[in-house]
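Each chain is listed here by its residues.
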Amino acid sequence: MNYFLTYTVYVLILSVLMGISTWKLFKKMGHSPLFAFIPFYNYFIILKETEHPKWWVILSYLPIVGPIMMSVFHVYLMRKFGKTLFQQQLLTVILPFIYMATVNYSKNVEIEDENANELFITDEEKSAKKKDTFIGSITFAVVFATIIHVFVTQPFGIPTGSMERTLLVGDFLFVNKWSYGYRMPMRPVAIPFLQGTIMDTGQKGNPKDDPKSYVDGIKLPYTRIFQFGKPQKNDVVVFNYPRDSVHTAIDRKDPYVKRCVATAGDTFEMRAGRLFVNGKPEMVLGDQEVQHRYIVNTGSQLDIPALYNTYGFLPVQEIQGEKGYIYAFQGLTDKTAKEIKQLPQVIDMKEDITPKDEAAVYYRDEAKTKIDTTQSIFPINQPWNQDWYGPLRIPKKGDIVAVNNETLPLYQWIISDYEHNKLEKKNGKILINGQETNRYTIQQDYYMMVGDNRDASLDARFFGFVPEENIVGKPMFTWMSLQGAFKDSSSTYQAPFKIRWDRMFKATNTGEANKTSYWWVAAIILLLFFGWEYFMKLFGKKKKEEEI
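Residues numbered from 1 in each chain as written. Predicted model: local features only at pLDDT ≥ 70, side-chain atom pairs only at ≥ 80, totals over all residues. Heavy atoms only, no water.

### A few points about the overall build of the chain
When its secondary structure is counted, the chain shows eleven helices and 24 strands. Along the three orthogonal principal directions, the C-alpha set of the chain runs to about 90 × 75 × 45 Å. Across the 548 residues of the chain, 44% fall into the buried class. If you sum the accessible surface of the chain, you get close to 29,500 Å²; carbon and sulfur atoms cover 59% of it. If you average the places of the 64 positive and of the 59 negative side-chain charges in the chain, the two averages end up 4 Å apart. (Helix = DSSP H or I, 4+ residues; strand = E, 2+ residues; numbered from the N terminus. Buried < 20%, exposed > 50% of the residue type's maximum accessible area, 1.4 Å probe, protein only. Areas by Shrake-Rupley, 256 points an atom, 1.4 Å probe, with all protein chains shown as cover. Lys, Arg positive; Asp, Glu negative; His and termini not counted. Charge placed at Lys NZ, Arg CZ, Asp CG, Glu CD.)

### Observations regarding the sheet that holds strand S9 (residues 280-281)
Strand order in the open sheet formed by four strands is S9-S8-S7-S14, and the pairing between neighbours is antiparallel. Both outer strands of the open sheet, S9 and strand S14 (389-393), are each paired with one neighbouring strand and no more. Two elements, strand S8 (residues 274-277) and S9, share two bridges in a ladder whose sense is antiparallel. Note that in S9 the partner of Phe276 across the bridge is Pro281. (Pairing = 2+ DSSP bridges.)

### A closer look at the environment of Ile377
In this fold, Ile377 is placed in the loop between strand S13 (346-351) and S14. Expressed as a C-alpha distance, the spacing of Ile377 and Gly464, which sit 87 residues apart in the sequence, is 8.4 Å.

### Digging into the pattern of salt bridges
A complete count under the given rule lists 20 salt bridges for this structure. In this structure, Asp445 and Lys230 form a salt bridge, with 2.7 Å as the shortest nitrogen-oxygen distance. Taken together, the residues span a long stretch of sequence, with Asp445 in the loop between strand S19 (439-441) and strand S20 (446-450) and Lys230 in the loop between strand S4 (224-225) and strand S5 (236-240) at a distance of 215 residues. Overall, the relative accessible area of 10% leaves Asp445 in the buried class. We classify Lys230 as partly exposed; its relative accessible area is 32%. Between Arg243 and Asp417 there is a salt bridge; the shortest N-O distance is 2.8 Å. Residue Arg243 is located in the loop between S5 and strand S6 (255-262), and its partner Asp417 is located in helix H9 (residues 408-418); the two are separated by 174 residues in the primary sequence. In this structure, a network of salt bridges that share partners links the residues Asp171, Arg500 and Arg503. (Salt bridge = Lys/Arg side-chain N within 4 Å of Asp/Glu carboxyl O.)

### Comments concerning unusual backbone geometry
The phi torsion of most residues other than glycine is negative, and most of the peptide bonds are trans. Cis peptide bonds are those with omega within 30 degrees of zero, and the linkage from Glu164 to Arg165 qualifies with -5°. With respect to the helices and strands, the residue Arg165 is situated in the loop between strand S1 (153-157) and strand S2 (171-176). A cis geometry characterises the amide bond from Gly390 onward to Pro391, with omega recorded as 10°. Despite not being glycine, Glu51 has its phi angle at roughly 60°, a positive value.

### Considering the sheet that holds strand S10 (residues 292-298)
In sheet architecture, strand pairing relies on hydrogen bonds along the backbone and comes in two forms, parallel and antiparallel. Taken together, four strands build an open sheet; the order of strands is S11-S12-S10-S13 and the sheet is antiparallel. Either end of the sheet is taken by a strand with one partner, and the two such strands are strand S11 (316-320) and S13. Averaged over all adjacent pairs, the angle separating strand axes in this sheet is 15°, with direction ignored. Here six bridges tie S10 to strand S12 (residues 325-332), and the two strands are oriented antiparallel to one another. Opposite Ile295, over in S12, you have Ala328 as the bridge partner. (Axes fitted to C-alpha atoms, helices over the stretch in contact; angles between N-to-C directions.)

### Overview of the nonpolar core
If you look at the biggest cluster of nonpolar residues, it comprises 43 residues, and the most contacted ones within it are Phe268, Tyr389, Met448 and Phe465. With seven residues, H9 is the largest single contributor of residues to this core. Leaving out residues up to four positions away in the same chain, Tyr389 has contacts with Phe268, Glu269, Met270, Ile377, Phe378, Pro379, Trp384, Met448, Ala460 and Arg461. Tyr43, Val65, Tyr76 and Tyr182 belong to the second-largest nonpolar core, a separate cluster that totals 39 residues. (Core = buried A, V, L, I, M, F, W, Y, C linked by side-chain atoms within 4.5 Å. Contact = heavy atoms within 4.5 Å.)

### Some details on the pairing of strand S17 (residues 429-432)
Judged from the four bridges that link them, strand S16 (residues 423-426) and S17 form a sheet pairing that is antiparallel. Opposite Glu424, over in S17, you have Leu431 as the bridge partner. Linking S16 to S17, which pair antiparallel, is a turn of two residues; within it Asn427 sits at a positive phi near 55°. Here two bridges tie S17 to strand S18 (residues 435-436), and the two strands are oriented antiparallel to one another.

### Details of helix H8 (residues 334-341)
The complete set of buried residues in H8 reads Thr336, Ala337 and Ile340. The arc that holds the buried residues of H8, viewed along the axis, is 100°, so those residues lie on one side. Away from its buried face, by an angle of more than 90 degrees, H8 presents the exposed residues Lys335 and Lys338. Each element contacted by the buried residues of H8 is listed here: S10, helix H7 (304-311), S12 and S13. (Arc of directions from axis to C-beta.)

### Observations concerning the environment of Pro221
Structurally, the position occupied by Pro221 is in the loop between strand S3 (182-183) and S4. Along the sequence, Pro221 and Thr153 sit 68 residues apart, while their C-alpha atoms lie 21 Å from each other.

### A word on the pairing of S10
Buried residues dominate S10, accounting for five of its seven residues. Summarising the sheet, S10 and S13 pair through five bridges and their orientation is antiparallel. Each residue of the ladder has a partner; that of Val296, found in S13, is Met349.

### A look at a nonpolar patch on the surface
On the surface, a nonpolar cluster with roughly 880 Å² of combined accessible area is contributed by Phe497, Ile499, Trp501, Tyr518, Trp519, Trp520, Ile524 and Leu528. Per element, the largest residue contribution to the nonpolar patch is four residues, and it comes from helix H11 (residues 519-547). Tracing the chain through its elements places Trp520 in helix H11. Owing to a relative accessible area of 45%, Trp520 belongs among the partly exposed residues under this scheme. (Patch = residues over 30% accessible without salt bridge, like charges linked within 9 Å, V, L, I, M, F, W, Y side chains within 5 Å.)

### Things to note about the side chain of Thr508
Tracing the sequence through the fold places Thr508 in the loop between strand S24 (506-507) and H11. The class of Thr508 is buried, set by a relative accessible area of 4%. A polar contact is formed between the side chain of Thr508 and the backbone oxygen of Pro475, at a distance of 2.6 Å. In contact with Thr508, other than residues within four places in its own chain, are Leu167, Leu173, Asp287, Pro475, Met476, Phe477, Thr478 and Lys515. (Polar contact = N/O pair within 3.5 Å; in protein donor to acceptor, adjacent residues only side chain to side chain.)

### Overview of helix H4 (residues 86-94)
When H4 is considered as a whole, its buried residues turn out to be Gln88, Gln89 and Thr92. The arc that holds every buried residue of H4, seen down its axis, measures 95°, which confines them to one face. Structural note: H4 exposes Phe86 and Ile94 on the side pointing more than 90 degrees away from its buried face. Those residues of H4 that are buried are in contact with helix H3 (65-80) and helix H5 (96-104).

Here you go:
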């Protein structure tokens, strides 16, 4: 069903519930009972009668924001009829249409003027009013932040080294959700600021048994508006991990950030750890450094902390052998590798490249009956690995592809999961939506997303094509950068904690080698913002003293 048609159905259902549970209250306020059933106008009347800004009504049915605002409006209505106790307001929020209906159909409910006895209220009641005002301020601060988070930009942290040295572990970014058109929220009832789950409550590290931060039963279909451009080669892109098995909602799947190395219609290939697109070597931008995994044998232990000071954080696994040490560096640039090779302790050093035609397929059990698709190279029926991969053509909307036993591992996720068809294999035949077929028409564009730190990146070589509907947007800038903020479980050594001031408030998608940091501009803006408020209060206080 169309997104906006589905949205309209939800609005109408909520409006009917609102009308059934409040029509008598509207009549008591001097309005037609029918007005309680009219979307938006019913909340407009509540705001008017309770003397709150009437423009707030536009927030009534916005995804994620709407449920918060509706709860606020319901509380305002109940307070109009004297339901001011904490437990009454709590019931209004938790069981809105049920509790409001009990008030609506009670015989003795009457409007109560909150300001009628202003001169006679006790200190306790004054304190309660102040608390309500404070809670109201907090609520609208949350609402404002939620609007920005849902409809404009979303904060995002870098927990792994897959994009070193373009994006570092501990970089915190703001993502522009309008870069490739705005993707409408698909789960409109959700807890603000939480992506998928609320907290780790079950088996440690297993999100499948954790409570979700959204209501999965209330859903809207995928729709993107104002799409004036699509991801281009070399864009750094934030997208939802397509193989997330915990969340069925696309916009609630784990967010990933990688570089778009190939777009729909391109051919992607890895040769001995080097990336090729359409048969040509990749274009390396100024802010991007090609890195590779190296194995280093030494006669004595290396001073890794000293190497950190020289080159920055170098994730490494250290193993003590009989005659020295073995180091597996995750990602070294050609320049860094050359300099480390010159260290006196180093006996030999070589790039770690998986042999050609050695398929990287892993299993979940010792009997090798269950393939671990998370760790295996995509697709599982090809003799490919992360260093020797392809050539693979990226599917494009409108492509007609052959569907048979050989190509099915390549397209099965597209057909069943991403484009929502029923895919079956019966008696050696392939059926799509119950019909036997040997071809399929691709319904959307797909992309190849790969990390700049190729040998330490869980990317499209493992999880396959990224559907257009999974695209979130472009990172705009790094607003905070903390070395040591996330522990690297794959490294023997950890980076010491420090604030990387030189990375703060730098743009992320310019492709330039030397980006300017504007953290001082942000500091001045914050100083002016809070300083202005302080001086205005001080000025107001002096003015009052002069008047006295």
